[in-house]
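# Examination of the molecular architecture
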Amino acid sequence: MSGKINDIALALRTVRYLKPVQIVYQFRYRMLSYIRKCGILRPRLDIYKPGKALEFAPFIPKYDTYLGDNTFRYINITSRTEDWNCSLNGDLWRYNLNYMDFLCQRTAVCASECVRLMSDFIERAASDRVVSDPYPVSLRSVNWIKFISTHRDAVDGVNQVRFDTFLYSQLVHLMRNPEKHLMGNHLLENGFALLFGAYYFNDVRMLSAAAGILKGQLEEQVLSDGCHCELSPMYHCIMTDRVLDCINLMANNRRFEEPSAAELETLLVKSASAMLGWIKAMAPDGEKMPLFGDSAFGIAPSFDELAEYASVLGVSPAGQVLGESGYRFVKGPWYKVWADVGQTGLSYNMGHAHADSLSFVMTVKGKGFLADTGISTYNVCGRRLYERSSMAHNTVTVDNLDSSRVWASFRCAERCRVTLFEDTATRISASHDGYASLGMVHSRTFEASDRSFVIRDIISEGGCHNPVAHFHLAENVNILELTADRLVTDVATISFCGATGVSSDENTVSEEYNVFKKSVCVHVSFKDSLVSTITE
């Protein structure tokens, strides 16, 4: 009984951060889900409206996911299946299967094979549990419209009617069921899909719905420094790609004279420019994406691909300065550092946030030195909880607690508040109150110079508690010496002042889903303060 009470209390402490509209839609969708399980009010799949192929400038192709003979590879798991509802590899794999990214993948699949798979999907749709889930509907609809438009000779008249009927039915369902219970990137994807549908079906009502979502959400979700509000570099790149797709769509298909279309196009260009500017500020020399929050390689387009795509569309990056996102980039003569001194995430949607406040990652002479552990899974499991925890990041824990109370796969109850005190090119100082329940505050200062990079940690009122600073070494970094006050590796050296104990253990980092690479984590215990000086 006490366990259930604790679970309810945890849920209430999470729900209190939601917007009222999210709570209303949570109840609405849960009721609809129950009703549909009883065979009532199932979404219609027989609403026909003819579509018209669109023109596109070359867009960024998706990663290869279809290997032939009904064999698919998603999140580094390869499986042969004829079941679009296949759950053997977890929900994330099943959802990716339903996105049907292979229709636009880099190694082109034979058009006739794509048509066969699309037809098979329609035939089996009635038994697919996620076929009408708004998020897969959104991503799949864009892929279908791109494929049909770029392979119009491969789709005969009969299939054209079938595809248009299914596609329009799904988009009508999406128009009536936007993901206002989740908000964030999900609601943006709903708007993007409805915009594609509006142009493909020349549907003014759908255009109005798309504009209604996108105008408000782009202004809210693109922060003042250009970063997407969920603070995941991976999702930022996905959203940037989609915004550029919408610019591509509108610039090459002048089908509406409504003022709302012109206003939306202007906003899309402004948003893309800001988002590209954030990327340029984070990676001025074309560096790889730092894996903050829920981020992994092999999912989103690279920084370089986005820059090239934008150039083709005539969109230039704005001159952004890192600010509201809380991310900072520091470049020294021999090192580069990315630090997180911002809030934990989007207050009403913390699904992709980690308890990583005041963490950082570092490269030395182009080689990874201190890394984020990344993400390997979205499944509810110990690994998912670990990857979101404070211990999995280059920051400080107290009594093995997290700075923000992350739980399940996408939940967060109490979240710390970060205060930024100093923000210059050579010195960044901030604190968070994630350990206020213990009567203490964690303050961290980053100091950059030509000869060293220094991290100063202070725990106020340390008392009998156990603060520990964690340093996650990147893959292939070898420890040459580890003593009570120094860590020597074949990449760089860290000297510790104030340490009361130093230990290390074997660990793994995940730069891609379901891929684990061996690494080492060094744990440095201290009482009230610790100074960690990194030198060549």
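Residues numbered from 1 in each chain as written. Predicted model: local features only at pLDDT ≥ 70, side-chain atom pairs only at ≥ 80, totals over all residues. Heavy atoms only, no water.

### Some remarks on the nonpolar core
Among the nonpolar cores identified, the biggest contains 118 residues, and W144 and L195 are the most heavily contacted of them. If one sorts the elements of this core by residue count, helix α10 (residues 259–282) sits on top with 12 residues. Leave out the neighbours within four places in its chain, and W144 touches M100, L103, M118, F121, I122, F163, F166 and L167. One finds W334, L358, V477 and I534 within the second-largest nonpolar core, a separate group that totals 41 residues. (Core = buried A, V, L, I, M, F, W, Y, C linked by side-chain atoms within 4.5 Å. Buried < 20%, exposed > 50% of the residue type's maximum accessible area, 1.4 Å probe, protein only. Helix = DSSP H or I, 4+ residues; strand = E, 2+ residues; numbered from the N terminus. Contact = heavy atoms within 4.5 Å.)

### As for the packing of aromatic side chains
Each aromatic ring pair is described using two quantities: the centre-to-centre distance and the angle formed by the ring planes. In this structure the tally under the stated criterion is 29 aromatic pairs. Here the aromatic rings of Y99 and Y135 are separated by 5.8 Å at their centres, their planes lie at 80°, and the arrangement is edge-to-face. With Y99 in helix α3 (residues 91–99) and Y135 in helix α5 (residues 134–150), this pair connects stretches of sequence that are 36 residues apart. Both residues of the pair, Y99 and Y135, count as buried. Taken together, a centroid distance of 6.2 Å and an interplanar angle of 55° make the contact between W278 and Y327 tilted. Taken together, the positions of W278 in helix α10 and Y327 in strand β4 (residues 327–331) put the pair 49 residues apart, joining distant regions of the chain. The ring centre of F59 lies 4.3 Å from the NZ or CZ of K146, which sits over that ring. Positioned above the aromatic ring of F297, the side-chain terminus of K288 is 4.3 Å from the ring centre. (Phe/Tyr/Trp six-rings, centres within 6.5 Å; stacked < 30°, edge-to-face > 60°. Lys NZ or Arg CZ within 6 Å of the ring centre and 35° of its normal.)

### What about the packing of α3 against α5?
Relative orientation of the contacting elements α3 and α5 amounts to 35°, with a least axis distance of 8 Å. Residues Y95, N98 and Y99 of α3 form the contact with α5, whose own contacting residues are Y135, P136, L139, R140 and N143. Here the contact of α3 with α5 is built from residues that sort into five nonpolar, two polar and one charged. (Axes fitted to C-alpha atoms, helices over the stretch in contact; angles between N-to-C directions. Nonpolar A, V, L, I, M, F, W, Y, C, P; charged D, E, K, R; others polar.)

### Here's the deal with the pairing of strand β13 (residues 442–448)
Among the seven residues of β13, six are classified as buried, and the element is accordingly described as predominantly covered. In terms of strand pairing, β13 meets strand β14 (residues 453–459) through seven bridges, oriented antiparallel. Looking across to β14, one finds that F446 is bridged to I455. Connecting β13 to the next strand, β14, in antiparallel fashion are four residues. (Pairing = 2+ DSSP bridges.)

### Things to note about the side chain of T397
With respect to the element layout, T397 can be found in strand β8 (residues 396–398). What makes T397 buried here is its relative accessible area of 1%. Side chain to side chain, T397 and H470 meet in a polar contact 2.8 Å long. Apart from the residues lying within four places of it in its own chain, the contact partners of T397 are S390, M391, Y435, N466, P467, V468 and H470. (Polar contact = N/O pair within 3.5 Å; in protein donor to acceptor, adjacent residues only side chain to side chain.)

### Digging into the sheet that holds strand β7 (residues 367–370)
The strand order across the open sheet formed by four strands is β4-β5-β6-β7, and the pairing between neighbours is antiparallel. Only two strands of the sheet have a single partner each, and these edge strands are β4 and β7. Strand-to-strand twist of the sheet, defined as the mean angle between neighbouring strand axes without regard to direction, takes the value 20°. Pairing of strand β5 (residues 335–340) with strand β6 (residues 360–364), which is carried by five bridges, proceeds in the antiparallel orientation.

### Observations regarding the sheet that holds strand β3 (residues 77–80)
Strand order in the open sheet made by the three strands is β1-β2-β3, with antiparallel pairing throughout. If you trace the sheet from one side to the other, it starts and ends with β1 (66–68) and β3, each paired once. Strand after strand, the sheet turns through a mean of 20° between neighbouring axes, direction not considered.

### Let's talk about the environment of H151
With respect to the secondary-structure elements, H151 resides in the loop between α5 and α6 (157–176). Judged by its relative accessible area of 27%, H151 falls in the partly exposed class. Along the backbone, H151 and V115 are 36 residues apart, and their C-alpha atoms lie at a distance of 9.8 Å.

### So, α3
Of all nine residues making up α3, seven are buried, and the element is well covered by its neighbours. Every buried residue of α3 is listed here: L92, W93, R94, N96, L97, N98 and Y99. Turning to α3, the residues buried within the fold contact β2 (71–74), β3, α4 (111–123) and α5.

### A few points about the side chain of E179
Mapped onto the secondary structure, E179 falls in the loop between α6 and α7 (184–201). Despite its burial, E179 remains without a salt bridge, the nearest opposite charge being carried by R28 at 11 Å. Within polar-contact distance, the side chain of E179 engages the backbone nitrogen of Y135 at 3.3 Å. Beyond its immediate stretch of four places on either side in the chain, E179 contacts Y29, D133, P134, Y135, H186, L187 and N190. (Lys, Arg positive; Asp, Glu negative; His and termini not counted. Salt bridge = Lys/Arg side-chain N within 4 Å of Asp/Glu carboxyl O.)

### With respect to the pattern of salt bridges
A complete count under the given rule lists 33 salt bridges for this structure. Where E422 meets R427, a salt bridge forms, and the shortest distance between an N and an O atom there is 2.7 Å. Its relative accessible area of 29% is what places E422 among the partly exposed residues. The residue E481 makes a salt bridge to R486 at a minimum N-O spacing of 3.0 Å.

Just geometry here; none of it tells us what the structure is for.
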